[in-house]
Amino acid sequence: MLRYALTRALSLGLSLVVASVVIFAVIEVIPGDPAAYMLGMNATPEAVAALRGQLGLEGSVVSRYLGWAGGMLSGDFGVSYTYKVPVADLVAQRLWVSLPLALYALALSTLIAFPVGLIAAARRGGATDYGIMGATQLGIAVPNFWFAMLLVMVFAVNLRWFSAGGFPGWEDGLLAGLKALTLPAIALALPQASILARVMRSALIETLGQDYIRTARAKGLSRRQAVLRHALRNALIPVLTIIGLQFSFLLAGAIIIENVFFLPGLGRLVFQAITQRDLIVVESLVMLLVFAVIVVTFLVDLAYAAVDPRLRRRT
């Protein structure tokens, strides 16, 4: 297991290095001077020169990349041109909104998808199965931002059970924070639960057709016992892949939902940084989100090895 983990960590570490080079290169190939782009068309040469020094744009490309990468490794992400504060402080503030939101949405998605997928697989070909598949297809087709606005209309405007947007802060209490994140989490969880339920159903149906399941049934196990003791464990491998991808998406791709609900998260920060031409924030945030995706991928690989010991024997 240790050898497998080290091998995967080395592979993902190389992926992180490649990603950092690509992100830095994308900023470099932007037409024109990044400092002039950030300041706008009416900027004076003196202001552009001063900002170039602040951004560390002097020197060779290699030295600037090494300085940027070294700063990232030491926790120095630079200073935001728009907010005039360290980017690390901005990320720390916004992460305490985006991370709980992603975990909340992922928990809701998993709690919905697992029983729904199990029921659909157990009732394959029946009315229940067709009904579940139709509902999940609708859940995938409905845009999450439209569903989010529908939730606001029903539960915030009409019923007044939740606020229409904003985040009070965790200092107001755990319940107040979770209440503010409930509607956004539901809006994010619906399409993810639909996808996960369909994958769960397909994986279980494929697993239930294997010889060892028929052997277990022949030995006297009920269908429920065969599913829970044998089929479910092997069906989890593709499901874990989807869960890992969903968490990465929920953490990095909730820009629209955070803007619908006016949540001060990472997605909204990226959107604001792009519109305000704050390239320092954009560059650092994209790198951090790539790092988060790579870490989640590494954890999913470890979960693979825990679920399927055959993977450990191949390394």
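Residues numbered from 1 in each chain as written. Predicted model: local features only at pLDDT ≥ 70, side-chain atom pairs only at ≥ 80, totals over all residues. Heavy atoms only, no water.

Within an unreviewed UniProt entry, the label attached to the chain reads Peptide ABC transporter, and the organism entered is Sinisalibacter lacisalsi. Quoted verbatim from the Subcellular location (unreviewed entry) field of the UniProt record, the comment on the chain reads "Cell membrane". In its Sequence similarities (unreviewed entry) section, the UniProt entry covering the chain states "Belongs to the binding-protein-dependent transport system permease family." (UniProt positions renumbered as here; feature names shortened; annotations may be inferred.)

Asker: Even after reading the chapter, I still don't get the overall build of the chain, so can you show me in this structure?
Answerer: Secondary structure assignment for the chain yields 14 helices and zero strands. Going residue by residue from the N terminus, the α and β elements of the chain occur as α-α-α-α-α-α-α-α-α-α-α-α-α-α. The contacts of the chain with a sequence gap of at least 6 include a subset with a gap of at least 24, amounting to 73%. (Helix = DSSP H or I, 4+ residues; strand = E, 2+ residues; numbered from the N terminus. Contact = heavy atoms within 4.5 Å.)

Asker: Please explain the packing of helix H6 (residues 127-141) against helix H8 (residues 174-208) as it appears in this structure.
Answerer: Geometry of a packed helix pair, given as the angle between the helix axes and the separation of the axes. Two numbers describe how H6 lies on H8: the axes approach to 8 Å, and their chain directions differ by 140 degrees. Compared by their axis directions, H6 and H8 come out oblique. Judged by the sense of rotation from one axis to the other, the crossing of H6 with H8 is left-handed. Counting all contacts with H6, which are made through Asp129, Met133, Thr136, Gln137, Gly139 and Ile140, the residues of H8 involved are Leu190, Pro191, Ser194, Ile195, Ala197, Arg198 and Arg201. Residue composition of the contact of H6 with H8, grouped by class: six nonpolar, four polar and three charged. (Axes fitted to C-alpha atoms, helices over the stretch in contact; angles between N-to-C directions. Parallel < 35°, antiparallel > 145°, perpendicular 65-115°, else oblique. Left-handed = near helix turned anticlockwise from the far one by under 90°. Nonpolar A, V, L, I, M, F, W, Y, C, P; charged D, E, K, R; others polar.)

Asker: Even after reading the chapter, I still don't get the layout of surface pockets, so can you show me in this structure?
Answerer: Gaps between atoms show up when a probe of the same size as a water molecule is rolled over them. Approximately 290 Å³ is the volume found for the second largest pocket. Where the lining of the second largest pocket is concerned, the elements lending two or more residues are helix H1 (2-28), helix H4 (61-73) and helix H13 (279-307). The element that contributes the greatest number of residues to the lining of the second largest pocket is H4, accounting for five residues. Its residues assigned to classes, the lining of the second largest pocket shows eleven nonpolar, one polar and no charged. (1 Å grid on protein atoms, 1.4 Å probe; cavity = no way out; pocket = protein on both sides within 12 Å on 5 of 7 lines; lining within 4 Å. Points joined across faces, edges and corners; volume = space filled by probe spheres on them.)

Asker: I would appreciate a short explanation of the packing of aromatic side chains in the present structure.
Answerer: Note on aromatic pairs: each is described by the distance of the centres and the angle between the planes. Enumeration over the complete set of coordinates arrives at three aromatic pairs. Judged by centre distance (5.5 Å) and plane angle (70 degrees), the rings of Phe24 and Tyr65 are edge-to-face. Placement of the pair is Phe24 in helix H1 and Tyr65 in helix H4, with a sequence separation of 41 residues. Residue Phe24 is classed as buried on the basis of its relative accessible area of 8%. Ring centres of Phe167 and Trp170 lie 5.2 Å apart, and the angle between their planes is 70 degrees; on these two criteria the pair is classed as edge-to-face. Residue class for Trp170 comes out partly exposed when judged on its relative accessible area of 26%. (Phe/Tyr/Trp six-rings, centres within 6.5 Å; stacked < 30°, edge-to-face > 60°. Buried < 20%, exposed > 50% of the residue type's maximum accessible area, 1.4 Å probe, protein only.)

Asker: So what exactly am I meant to see when it comes to unusual backbone geometry here?
Answerer: In terms of backbone geometry, most residues other than glycine have negative phi values and most peptide bonds are trans. Positive phi, close to 60 degrees, is recorded for Arg160, a residue that is not glycine. On the secondary structure map, Arg160 appears in the loop between helix H7 (144-158) and H8. For Phe262, which is not a glycine, the phi torsion comes out positive at approximately 55 degrees. By the secondary structure assignment, Phe262 is in the loop between helix H11 (255-260) and helix H12 (266-275).

Asker: Looking at this structure, I do not really get the UniProt feature "transmembrane region" (unreviewed entry) in the chain. What am I missing?
Answerer: Under the feature "transmembrane region" (unreviewed entry), the UniProt entry names residues 12-31, 101-122, 143-162, 174-197, 235-257 and 285-307. Taken end to end, residues 101-122 comprises 100% helix and 0% strand; its first and last C-alpha atoms sit 32 Å apart. Secondary structure over residues 143-162 splits into 75% helix and 0% strand, and the C-alpha atoms at its two ends are 21 Å apart.

Asker: It is not clear to me how the side chain of Thr182 should be interpreted in this structure. Could you clarify?
Answerer: Assignment of secondary structure puts Thr182 in helix H8. Assessed through its relative accessible area of 13%, Thr182 is described here as buried. In this structure the side chain of Thr182 is engaged in a polar contact, spanning 3.1 Å, whose partner is the side chain of Tyr104. (Polar contact = N/O pair within 3.5 Å; in protein donor to acceptor, adjacent residues only side chain to side chain.)

Asker: I'm lost on the side chain of Glu283 in this one. Help?
Answerer: Relative to the helices and strands, Glu283 is located in helix H13. According to the relative accessible area criterion, Glu283 is buried, its value standing at 13%. When sequence neighbours within four positions are dropped, the list of residues in contact with Glu283 reads Ile23, Phe24, Ile27 and Trp68.

Asker: Explain the environment of Val116 to me, please; I cannot follow it from the model alone.
Answerer: Examined against the element boundaries, Val116 turns out to sit in helix H5 (residues 87-122). A residue is classified by how much of its surface remains accessible, and Val116, at 23% relative accessible area, is partly exposed. A sequence separation of 81 residues divides Val116 from Ala197, and the C-alpha atoms of the two residues are 6.1 Å apart. Discounting chain neighbours no more than four positions away, the residues touching Val116 are Ile132 and Ala197.

Asker: Explain the nonpolar core here, please?
Answerer: The tendency in soluble globular proteins is for nonpolar side chains to be buried as a group. Core analysis: the largest hydrophobic core is formed by 47 residues, its most contacted members being Leu188, Leu204, Phe261 and Leu263. Mapped by element, the contributors of at least two residues to this core are H5, H7, H8, helix H10 (223-252) and H13. In terms of residue count, the dominant contributor to this core is H8 (14 residues). Ranked by size, the runner-up nonpolar core spans 20 residues in total, among them Tyr65, Trp68, Val282 and Met287. (Core = buried A, V, L, I, M, F, W, Y, C linked by side-chain atoms within 4.5 Å.)

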